[in-house]
Amino acid sequence: MPKKFSSQELFELRNFIPVEMLIREQLEMPSKISEGFFRFLCPICNEFQTAINPATNLARCFRCERNFNTIDLVMTVQRIGFKESVLFLKRLMVKVPNQNKDARQGLQNFIGGIGQTMPGGLG
């Protein structure tokens, strides 16, 4: 069992496991749709003044002003450490459908292009 995880592994766990799916299906946190937004019960303050941002794959509680990525959520809800949370998400990553394959490839292409000159002289 590795004692360290690569930055690429952690990046994928934070970005390719949909936070809404993690909240609803894996952590089974109380959640609802309210005013057209997905809300979940904050594991810190127990309020529904929350939302998720699918573009950043982050969850936020506006009451206690806490942001959660997938690793933070697992650590907080299951009350386990970082290493155990990462291993939990790695097992889950195998189960996540390949629907994110194109998104993963697109993101990797984007990351690989950071710092390169943009077409048209913008870089």
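Just above sits the structure.
Residues numbered from 1 in each chain as written. Predicted model: local features only at pLDDT ≥ 70, side-chain atom pairs only at ≥ 80, totals over all residues. Heavy atoms only, no water.

> Hey, could you run me through the pattern of salt bridges in this one?
For side chains of opposite charge, pairing can occur when their charged atoms come near one another. Under the defined criterion, the tally for this structure stands at four salt bridges. Between Glu20 and Arg24 there is a salt bridge whose closest N-O contact spans 3.4 Å. Here Glu20 and its partner Arg24 are both found in helix H2 (residues 19-26), four residues apart, which amounts to about one turn of the helix. What makes Glu20 partly exposed here is its relative accessible area of 28%. With relative accessibility at 39%, the residue Arg24 sits in the partly exposed group. A salt bridge links Arg24 to Glu25; the shortest N-O distance between them is 3.7 Å. Linked through salt bridges whose partners overlap, the residues forming this network are Glu20, Arg24 and Glu25. (Salt bridge = Lys/Arg side-chain N within 4 Å of Asp/Glu carboxyl O. Helix = DSSP H or I, 4+ residues; strand = E, 2+ residues; numbered from the N terminus. Buried < 20%, exposed > 50% of the residue type's maximum accessible area, 1.4 Å probe, protein only.)

> Quick question: what am I supposed to make of the side chain of Thr50 here?
Within the fold, Thr50 resides in strand S3 (residues 50-53). Residue Thr50 is classed as buried on the basis of its relative accessible area, which comes to 0%. Aside from chain neighbours lying at most four places away, what touches Thr50 is Phe38, Arg39, Phe40, Cys42, Arg60, Cys61 and Phe62. (Contact = heavy atoms within 4.5 Å.)

> Before we go on, may I ask you to explain the pairing of strand S2 (residues 37-40) in this structure?
Where a strand is regular, its side chains alternate between the two sheet faces. Two elements, strand S1 (residues 31-34) and S2, share four bridges in a ladder whose sense is antiparallel. Residue pairing for S2: Ile33 is matched across the bridge by Phe38. What sits between the antiparallel neighbours S1 and S2 is a turn of two residues, in which Glu35 has the positive phi angle 55°. (Pairing = 2+ DSSP bridges.)

> I would appreciate a short explanation of the side chain of Arg39 in the present structure.
Looking at the secondary structure, you find Arg39 in strand S2. Put simply, Arg39 is tucked away with no salt bridge, and the nearest opposite charge, on Glu35, sits 4.0 Å away. At 2.7 Å, the side chain of Arg39 forms a polar contact with the backbone oxygen of Thr50. Once residues within four sequence positions are removed from consideration, Arg39 is found in contact with Pro30, Ser31, Lys32, Ser34, Phe48, Thr50 and Ala51. (Lys, Arg positive; Asp, Glu negative; His and termini not counted. Polar contact = N/O pair within 3.5 Å; in protein donor to acceptor, adjacent residues only side chain to side chain.)

> What am I meant to see in unusual backbone geometry here?
Glycine aside, negative phi is the norm for most residues, and most peptide bonds take the trans geometry. Its identity as a non-glycine residue notwithstanding, Glu28 has a phi of 50°, on the positive side. Tracing the chain through its elements places Glu28 in the loop between H2 and S1. For Asn46, which is not glycine, the phi dihedral falls at a positive 60°. Inspection of the secondary structure puts Asn46 in the loop between S2 and S3.

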